[in-house]
Amino acid sequence: MRALHRFQSLADLVERRAWTVRLPHAIHVVRLERSGFGDRLLLDDREVARTHAFAYDGTLRFSVGAARAEMRSAGDSARGVLVADLYVEGQRLDPDPPAPRARTREPDWRGVAERGAYAAGALLVIAGLAGDALTELAGRAVRTAGVLLLTVGLRAIDPVALFPAVIEKIAAGQVPMIVAGLEVAAVAAIARDRLGIRRRIPLLRSRSLASRALGWAAVAAVALVLLALA
């Protein structure tokens, strides 16, 4: 998912270079945009020349104010790329240093998981309150999700087959489904420390991994007992 997030659009595949041309009475900016579709040459953000892919003649001639300019390209065999140089009145100009690329923020996956848990809990509660027809449909969806989780390897960490029993209990009726929905939302709120709940539970706020594991085991045990009594 992170790799897909970094690959934002085809615009990331465009090579961009810029040159600042200082003349006696004006300052102009020449930009070259190079991609697999061809090259675009812009003067002060206005396109002045364009070449199509596989139809490049090596030199683009244009004017920068009253000065004659050329964009010359030549292959760099060492790097295997096509290098472009700007000449104004026969003088080669150095390109501007590349602008620092803005860092893209990656999604808050923990927040996404939390909202997903709230949504799943709300759907279970609504299905449990709605009546038999929707409860039965939700029960089938829960059983299907359980089968998928077992298929992807959950059975390997559930040797006593506790997970299938929990799934069957959730899908058994309206009250267990409502309780399960509330528990899913509550666990998500505890994990994200909403309203300071997690900080009030000594084991969960401990720095010791063993203590935190014991605390989450206690939370899971309480949730299972409440679900069994529903």
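What you see is a predicted model, and the numbers here were worked out from it, not measured in a lab.

Asks: Residue-level account of the overall build of the protein chain, with values.
Replies: Summing up its helical and strand segments, the protein chain has 6 helices and 8 strands in all. Tracing the protein chain from N to C terminus, the helices and strands come up as α-β-β-β-β-β-β-β-β-α-α-α-α-α. As displayed, the protein chain offers around 15700 Å² of accessible surface, 61% of which is attributable to carbon and sulfur atoms.

Asks: Tell me what's going on with helix α2 (residues 109-130), and back it up with residues and numbers.
Replies: Compared with the 32 Å implied by 1.5 Å per residue over 22 residues, the 31 Å span of α2 between its first and last C-alpha is a close match. Three or more residues of α2 are buried, namely Gly-111, Glu-114, Ala-117, Gly-121, Leu-124, Val-125, Ala-127 and Gly-128.

Asks: Tell me what's going on with the packing of α2 against helix α5 (residues 174-191), and back it up with residues and numbers.
Replies: α5 packs onto α2 with a crossing angle of 160° between their chain directions and a minimal axis gap of 7 Å. The angle between the axes of α2 and α5 places the two elements in the roughly antiparallel class. Read as a crossing pair, α2 and α5 show a hand that is left-handed. The residues of α5 that touch α2, namely those facing Glu-114, Ala-117, Tyr-118, Gly-121, Leu-124, Val-125, Ala-127, Gly-128 and Leu-129, are Gln-174, Met-177, Ile-178, Ala-180, Gly-181, Leu-182, Val-184, Ala-185, Ala-188 and Ala-189. Its residues assigned to classes, the contact of α2 with α5 shows 14 nonpolar, 4 polar and 1 charged.

Reading the values: the criteria
- Residues numbered from 1 in each chain as written.
- Predicted model: local features only at pLDDT ≥ 70, side-chain atom pairs only at ≥ 80, totals over all residues.
- Heavy atoms only, no water.
- Helix = DSSP H or I, 4+ residues; strand = E, 2+ residues; numbered from the N terminus.
- Areas by Shrake-Rupley, 256 points an atom, 1.4 Å probe, with all protein chains shown as cover.
- Expected span 1.5 Å × (residues − 1).
- Buried < 20%, exposed > 50% of the residue type's maximum accessible area, 1.4 Å probe, protein only.
- Axes fitted to C-alpha atoms, helices over the stretch in contact; angles between N-to-C directions.
- Parallel < 35°, antiparallel > 145°, perpendicular 65-115°, else oblique.
- Left-handed = near helix turned anticlockwise from the far one by under 90°.
- Contact = heavy atoms within 4.5 Å.
- Nonpolar A, V, L, I, M, F, W, Y, C, P; charged D, E, K, R; others polar.

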